[in-house]
Amino acid sequence: MDLGSAAAVSLAVRVIPCLDVDAGRVVKGVNFADLRDAGDPVELARRYDAEGADELVFLDITASSGQRETTYDMVRRTADQVFIPLTVGGGVRSVDDFDRLLRAGADKVSLSTAAVTGPDLIDAAARQFGSQCVVLSVDTRRAEGMASGFEVTTHGGREATGRDTLAWVQEAVDRGVGEILLNSMDADGTRDGFDLELIRAVRQCVDVPIIASGGAGRPEHAVPAVEAGADAVLAASIFHFGDVTIAEVKDALAAAGLPVRPLTASASR
C-alpha cells in the first residue's frame, strides 16, 4: 500500500448508498443500461440514514443528457429526512446551480459533464464555496489509445470524450476538486467487485479522497477497494434490493482491521 492508501485508511472508511434518479424514481442497471425501478428516493434516503449510512449520494442521471435542471424540490425533501452528509449531482452547469443545491440542503455538489466541457467551473466553485464542497464524478471505462488505458465519458456514460482519465483527475484536483467519485463503467452493476486497477491508478496520481463506485456485490468487496486506495465505498443495487446491508459492509471492513464509524443502536438491530 502506498502512502496515499495508508493515509486513506487512517480515517473511518465511509459506506455510501447512491441514489441514481431518473424521472423522480431511483433506478439501477448494468453498465449504465437496462435500468429498472428501485423505489422512491426520499423513502430510500430515510431508510439508509436509519440503517447507518455515513453519507448519501444523489445523482440525477439524465439531467445533463436531457438538458434539464436537477430536481431541487426532491433534494429539499431528501435533505429534510436525513442527518448525514448529502452529495448531489446532475445537470449542474454554473456557480448559481451550486448555490441553489447547497441552499436546498446539499452538503457537497458533484460535477461531471459540465466540468469536462467547462473546467473553469471547478475553479469558480472552489473559490466561492471551498474545495470541500466540490466533488468530481468521473464516469470512466477502459479504452485503447489512452495513455492510462482509461477514458472519461460524459452525459451519464453516453458520450466518449477522448480524454485520459488520469490526466483529467489530476487537472481537476489542481483546479480545486476536493473529492473524486470514481465510477467504473466496466464494473457498474456487475456485482463482481470494484475495479481495483482503476482505483490504484487514480490513487497514485491524486491525494484527495476517492469514493469507489461500480461493481459492489458482496460485503467483502469493500475491503480490497479500500486497500487499493479508496477512502469510501459506494453501492446502489445491492442496498436498494436488500441483498446486502450497510451493517454487513461495515462488519466486513472491521473484520479486516479497517476503521468504520459504529452503527447507532437502532441501525444495528
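A short tour of the structure in this document, coming up. Remember, predicted model here, so these are calculated numbers, not experimental data.

Time to look at the side chain of Thr87. Among the secondary structure elements, Thr87 is positioned in strand β5 (residues 86-89). Take Thr87: its relative accessible area is 3%, and that puts it in the buried class. Excluding residues within four positions of it along the chain, Thr87 makes contact with Glu55, Leu56, Val57, Phe58, Lys108, Val109, Ser110 and Val135.

As a further point, take the packing of helix α2 (residues 41-51) against helix α3 (residues 72-81). At a minimum axis separation of 9 Å, α2 and α3 run at an interaxial angle of 25°. The angle between α2 and α3 places the two elements in the roughly parallel class. Considering the relative orientation of α2 and α3, their crossing is right-handed. Between α2, through Pro41, Val42, Ala45, Arg46 and Asp49, and α3, the contact on the second element is made entirely by Met74, Arg77, Thr78 and Gln81. Residues of the contact of α2 with α3, tallied by class, amount to 4 nonpolar, 2 polar and 3 charged.

Phi is positive for Arg191, which is not a glycine, with a value near 65°. When you line up the elements, Arg191 lands in the loop between β10 (179-184) and α8 (196-203).

Turning next to the pattern of salt bridges. According to the stated counting rule, one finds 20 salt bridges in the structure shown. In this structure, Glu171 and Arg163 form a salt bridge, with 2.7 Å as the shortest nitrogen-oxygen distance. Glu171 sits in the partly exposed class, given a relative accessible area of 24%. In this structure, Asp231 engages Arg203 in a salt bridge whose closest nitrogen and oxygen atoms are separated by 2.6 Å. Of the two residues, Asp231 sits in the loop between α9 (222-228) and β12 (232-235) while Arg203 sits in helix α8, which places them 28 residues apart along the sequence. For the pair shown, Asp231 and Arg203 are each scored as buried.

Turning our eyes to something else, we now look at the nonpolar core. In terms of nonpolar packing, the biggest core is built from 74 residues, with Ile180, Val202, Phe239 and Leu253 touching the most fellow members. Once you skip the residues sitting within four places of it in the chain, Val202 turns out to touch Leu166, Val169, Ile180, Leu182 and Ile210. Grouped together as the second largest cluster of nonpolar side chains are 10 residues, Ile16, Ile211, Leu234 and Ala236 included.

Bringing the packing of aromatic side chains into the picture now. Summed over the entire model, instances satisfying the criterion amount to 2 aromatic pairs. An angle of 10° between the planes, with centres 5.7 Å apart, marks the rings of Phe98 and Phe129 as stacked. Note that Phe98 is positioned in helix α4 (residues 95-104) and Phe129 in helix α6 (residues 120-129), a separation of 31 residues in sequence. A single burial state applies to Phe98 and to Phe129, both of which are buried. Seen from the ring of Tyr72, Arg100 lies directly overhead, with NZ or CZ sitting 3.9 Å from the centre.

Moving on to the packing of α4 against α6. Direction vectors running N to C along α4 and α6 enclose 45°, while the axes themselves pass 9 Å from each other. As summarised for this structure, α4 and α6 are arranged oblique, according to the angle between their axes. Crossing geometry of α4 relative to α6 is assigned as right-handed. Of the residues in α6, those in contact with Val95, Phe98, Asp99 and Leu102 of α4 are Leu121, Ala124, Ala125, Gln128 and Phe129. Partitioning the contact of α4 with α6 into residue classes produces 7 nonpolar, 1 polar and 1 charged.

We now examine the pairing of strand β8 (residues 150-154). Working note: regular strand, side chains alternate between the two faces of the sheet. Counting buried residues in β8 gives 5 out of 5 residues, a clear majority hidden from the surface. Of the two faces of β8, the one holding Phe150, Val152 and Thr154 and the one holding Glu151 and Thr153 are both buried throughout. Taken together, the 4 bridges between strand β7 (residues 134-142) and β8 define a ladder with antiparallel strand orientation. Each residue of the ladder has a partner; that of Asp139, found in β8, is Thr153.

Among the residues of α2, those classed as buried are Pro41, Val42, Leu44, Ala45, Tyr48 and Asp49. For α2, the angular spread of the buried residues around the axis is 160°, confining them to a single face. The backbone nitrogen of Val42 lies 3.1 Å from a side-chain oxygen of the residue at the head of α2, namely Asp40. Gly52 sits one or two residues past α2 and shows a positive phi near 100°.

Quick notes on the rules
Residues numbered from 1 in each chain as written. Predicted model: local features only at pLDDT ≥ 70, side-chain atom pairs only at ≥ 80, totals over all residues. Heavy atoms only, no water. Helix = DSSP H or I, 4+ residues; strand = E, 2+ residues; numbered from the N terminus. Buried < 20%, exposed > 50% of the residue type's maximum accessible area, 1.4 Å probe, protein only. Contact = heavy atoms within 4.5 Å. Axes fitted to C-alpha atoms, helices over the stretch in contact; angles between N-to-C directions. Parallel < 35°, antiparallel > 145°, perpendicular 65-115°, else oblique. Left-handed = near helix turned anticlockwise from the far one by under 90°. Nonpolar A, V, L, I, M, F, W, Y, C, P; charged D, E, K, R; others polar. Salt bridge = Lys/Arg side-chain N within 4 Å of Asp/Glu carboxyl O. Core = buried A, V, L, I, M, F, W, Y, C linked by side-chain atoms within 4.5 Å. Phe/Tyr/Trp six-rings, centres within 6.5 Å; stacked < 30°, edge-to-face > 60°. Lys NZ or Arg CZ within 6 Å of the ring centre and 35° of its normal. Pairing = 2+ DSSP bridges. Arc of directions from axis to C-beta. Polar contact = N/O pair within 3.5 Å; in protein donor to acceptor, adjacent residues only side chain to side chain.

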